[in-house]
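So you can see what is in the structure, the chains are spelled out below.
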Amino acid sequence: MVSLEKLHPEERNFLENVPCPTFAAQPWVRGKKLKERRVAIISTAGLHQPEDRPFTSVEGDYYRIIPGDIQSNNLVMSHVSVNFDRTGFYRDLNVVFPIDRLRELAESGDIGSIASFHYSFMGADDPMRWEQTARHLAGLLKKDNIDAVLLVPV
Amino acid sequence: MLAHFLEEEGLATTQISLIRLHTDVIKPPRALWVPFELGRPLGEPNNPAFQKRVLMSALGLLEAPRGPLLIDFPDDTPLLGGAPVMLACPYVPPAEDAETTQADRLCKTFKTEMTSMRPWYDQALKKRGRTIVGISKLTPEAIADFLCSFLEGSTPTQNPRQDVSLAYQLGYSVEDLKAYYYEAITAQPGADVLSSEDLDKWFWENTVAGKFLRELRGICLKNEDKLLQQTAARRIIPQKTLLTNTGGKG
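What counts as what
Residues numbered from 1 in each chain as written. Chains lettered and ligands numbered in written order. Predicted model: local features only at pLDDT ≥ 70, side-chain atom pairs only at ≥ 80, totals over all residues. Helix = DSSP H or I, 4+ residues; strand = E, 2+ residues; numbered from the N terminus. Rg over C-alpha atoms; globule rule 2.2 N^0.38 Å. Contact = placed C-beta atoms within 7 Å. Buried ≥ 20, exposed ≤ 12 C-beta atoms within 10 Å, placed from the backbone. Pairing = 2+ DSSP bridges. pLDDT = per-residue confidence, 0-100. Nonpolar A, V, L, I, M, F, W, Y, C, P; charged D, E, K, R; others polar.

Draft legend 1. Spatial organisation of the overall build of chain A. What chain A contains, in helices and strands, is four helices and seven strands. Helices and strands in chain A line up, N terminus first, as α-β-β-β-β-α-α-β-β-α-β. The C-alpha atoms of chain A give 17 Å as radius of gyration, which agrees with the globular expectation for 154 residues (15 Å, within 12%). In terms of its C-alpha atoms, chain A occupies a principal-axis envelope of roughly 45 × 40 × 35 Å.

In structure tokens:
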């Protein structure tokens, strides 16, 4: 699969008509070389540890914490949408949450280090509802000395 | 959108984009569009070298001097090699008994098929050291019992969990059931490299579970509980499967 052209016309039509916000400002934060940066992942795949509560659509219940030392065999997904492939994730978590690849990049010196905590949202929601939560998480990420955030959709 | 909020708070972000059209409108500071199917932002499972290329391409945008940037990743996922594999569907003897209802027979056959998949599910667990089955917090046997209870009556007598609604538990159980089957089948020889399309075709057209879920969906769509109706409409069968309207195992 390559792009929207490969989807069923109704699926394509749906995605083409999803309302997307625009922003007047274009913030741009400069930083260090990549090999000096501390990286956190924020996924919107609805990931969490098996013992965590699954995602709901309750207002305010927007994210789960993924510890930095998480084992890649210890995450499940409770995203409510069934309209994306999960068979890749069943076989290899890194195709959605590239934690092992990130660790390899830290070992090889391509990045500086990895966050103490990563975060997961569940993307079947209006992300504009997440604004205050995102701004709050920014403070927590900075306390962990994060200076690079990798956002990964699903 | 998250990127805008984080960047405004002073954190540099980069991201993978799966739908270029959306990213082009939202204009996050840095984005790498990838041509992969939805659900696979890093491209190919069990291909660390390819995943690392994608990851480094996204992270590399952090060193760009100015933006916003929307860069296209140049390659699709590697083509899968090898001869086509026939997926083995377990033999499930028909549950014939004049005293039972059609729903009883479907449930019995479904449970027999599920049991017959168990050696491959166990094999998958040993091989990968992980399973995605678990969000319902039920065992595979309890998942089958819970889902069958919808066919036996219009609404199950009780929700096996107190912390989530019946509709949510239905959605989680269906997700666990599908994960159980897909994890099991991809443990079979030659099946680990099959495309999602091949696997979906196998599940929805060749398993009793696929037929069972179609029945389940139809029943829950008629339930008076609106949340159950919504779950049935959106969370049991993928839209593309509904749109292609494939038949299913009889």
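Draft legend 2. View of the environment of F84(A). Mapped onto the elements, F84(A) comes out in the loop between β4 (76-77) and α2 (87-91). Beyond its immediate chain neighbours, meaning those up to four positions away, F84(A) contacts V154(A), L38(B) and G39(B).

Draft legend 3. Structural detail: the pairing of strand β3 (residues 63-67) of chain A. Residue and element names in this part refer to chain A. What you see with β3 is a clean split: R64 and I66 sit on the buried side and Y63, I65 and P67 on the side with no burial. Inspection of the sheet shows β3 paired to strand β6 (residues 117-121) by five bridges, in the antiparallel sense. Looking at β6, one finds that R64 is bridged to S120.

Draft legend 4. A look at the confidence of the model for chain B. Across chain B, pLDDT averages 89, with 88% of residues at or above 70. Our summary of model confidence lists the complex with pTM equal to 0.86 and ipTM equal to 0.94.

Draft legend 5. Quick peek at the interface of chain A and chain B. With 69 residues of chain A at the interface, the matching set in chain B holds 72 residues. The set of elements that each furnish at least two residues to the side of chain A that touches chain B consists of α1 (9-16), β4, α2, α3 (99-107), α4 (131-143) and β7 (148-152) of chain A. Among the elements that line the side of chain A that touches chain B, the one with the most residues is α4(A), at six residues. A per-class count over the side of chain A that touches chain B returns 41 nonpolar, twelve polar and 16 charged. For β7(A) and strand β1 (residues 13-17) of chain B, the ladder comprises three bridges, and the chain directions are parallel.

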